[in-house]
Amino acid sequence: MEHLIQASDVAHTMQHWHIYQKWNERLFAEMMAAFQAGRMDNNPSVSWYQGELGFFDNYIIPLANKLKECGVFGVSSDEYLNYALENRREWANKGEEVVQKYIQKYCMTEGDDAAEDKDKQ
């Protein structure tokens, strides 16, 4: 039961690349907004790429292996493990570029703040 609860929280990491990316971007945007609003101490963009690799290596792939071993999802367990491994590989290859796009989209600079303030006047 514990593995099912854990898997439900991170299921996007064990699905198609586009699903993983969709939810990864949403989490990045949420964390960046919290940082920019002063509700978070560390800028997530600094460690997002490496953090995702560590998350796959230390949590997602071991969890997918456990799900496969206990057979809770039957033959689909292989699929979840394969997607986790493939998404980790894709992230290793494309993640730095993806993070740069997130930064361009969600990170406001001081100049952006001034431009927004000017637009409001």
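Numbering of residues starts from 1 in each chain and follows the order in which that chain's sequence is written. Confidence filtering applies because this is a predicted model: local features only for residues at pLDDT of at least 70, side-chain atom pairs given and counted only at 80 or more, and all residues used for totals across whole chains, interfaces and linings. Excluded from the side-chain calculation are hydrogens and water; included are all heavy atoms of the structure.

Colleague: So what exactly am I meant to see when it comes to the overall build of the protein chain here?
Modeller: Counting its regular elements, the protein chain contains five helices and zero strands. Numbering of helices and strands starts at the N terminus; helices are DSSP runs of H or I of at least 4 residues and strands are runs of E of at least 2. Overall, the protein chain shows an N-to-C arrangement of helices and strands of α-α-α-α-α. Partly exposed residues are those whose accessible area sits between 20% and 50% of the maximum for their type, while under 20% is buried and over 50% is exposed, using a 1.4 Å probe and protein chains only. A burial count over the protein chain gives 29% of its 121 residues as buried. In the protein chain, once contacts between residues fewer than 6 apart in sequence are set aside, the share between residues at least 24 apart is 68%. Contacts between residues were defined by any pair of non-hydrogen atoms, one from each residue, lying within 4.5 Å.

Colleague: What is the right way to read the packing of aromatic side chains from this model?
Modeller: For any two aromatic rings, the description comes down to two numbers: the centre-to-centre distance and the angle of the planes. Any pair of Phe, Tyr and Trp rings, taking the six-membered ring for Trp, is counted once the centres come within 6.5 Å. Such a pair is stacked with planes under 30 degrees apart, edge-to-face with planes over 60 apart, and tilted for the rest. Tallied over the full model, the rule gives eight aromatic pairs. With 5.2 Å between their ring centres and 85 degrees between their planes, Phe 28 and Trp 48 make a pair best called edge-to-face. A residue pair is termed long-range when its members are at least 10 positions apart, and Phe 28 in helix 2 (residues 17-36) and Trp 48 in helix 3 (residues 44-70) qualify at 20 residues. On the basis of relative accessible area, Trp 48 is assigned to the buried category, the value being 7%. Ring centres 6.2 Å apart and planes at 25 degrees place the aromatic pair Tyr 49 and Trp 91 in the stacked group. Of the two residues, Tyr 49 is situated in helix 3 and Trp 91 in helix 4 (residues 76-106); the sequence distance between them amounts to 42 residues. In this structure, Tyr 49 and Trp 91 share a single accessibility class: buried. Taken together, the ring pairs in this structure connect Trp 17, Tyr 20, Tyr 49, Phe 56 and Trp 91 into an aromatic cluster.

Colleague: Looking at this model, I keep getting lost on the nonpolar core. Mind explaining?
Modeller: Most often, soluble globular proteins keep nonpolar side chains buried together rather than apart. In terms of nonpolar packing, the biggest core is built from 21 residues, with Met 14, Phe 28, Trp 48, Ala 84 and Trp 91 touching the most fellow members. Every element with two or more residues in this core is listed here: helix 2, helix 3 and helix 4. The nonpolar core is taken to be a set of buried Ala, Val, Leu, Ile, Met, Phe, Trp, Tyr and Cys residues, with the residues joined through side-chain atoms within 4.5 Å.

Colleague: Could you clarify how one ought to interpret the side chain of Thr 13 in this entry?
Modeller: Tracing the sequence through the fold places Thr 13 in the loop between helix 1 (2-9) and helix 2. Its relative accessible area of 1% is what places Thr 13 among the buried residues. Setting aside residues up to four positions removed in sequence, Thr 13 forms contacts with Tyr 20, Phe 55, Phe 56, Ile 60, Tyr 83, Ala 84 and Asn 87.

Colleague: What is the right way to read the packing of helix 3 against helix 4 from this model?
Modeller: Angle between the axes and distance between the axes are the two parameters that describe a pair of packed helices. Axis separation between helix 3 and helix 4 bottoms out at 9 Å; the angle between their running directions is 175 degrees. Relative to helix 4, the element helix 3 is oriented roughly antiparallel. Here an axis means a line fitted to C-alpha atoms, over the contact stretch when the element is a helix, while the angle between two N-to-C directions is reported on a 0 to 180 degree scale. These descriptions rest on fixed angle ranges, namely under 35 degrees for roughly parallel, over 145 for roughly antiparallel, 65 to 115 for roughly perpendicular, and the rest for oblique.

Colleague: Could you clarify how one ought to interpret the environment of Arg 39 in this entry?
Modeller: When you line up the elements, Arg 39 lands in the loop between helix 2 and helix 3. Ignoring sequence-local partners within four residues, the contact set of Arg 39 consists of Ala 33 and Ala 34.

Colleague: Help me understand the confidence of the model for the protein chain in this model?
Modeller: The predicted coordinates should not be examined in detail at positions where pLDDT is low. As a per-residue measure, pLDDT reflects the predictor's confidence and takes values from 0 up to 100. With 81% of its residues at a pLDDT of at least 70, the protein chain reaches an overall mean of 84. The spread of mean pLDDT over the elements of the protein chain runs between helix 5 (residues 110-120), the lowest at 44, and helix 2, the highest at 96. Note on residues 113-121: pLDDT is under 50 here. Beyond four places in sequence and across chains, it has two contacts.

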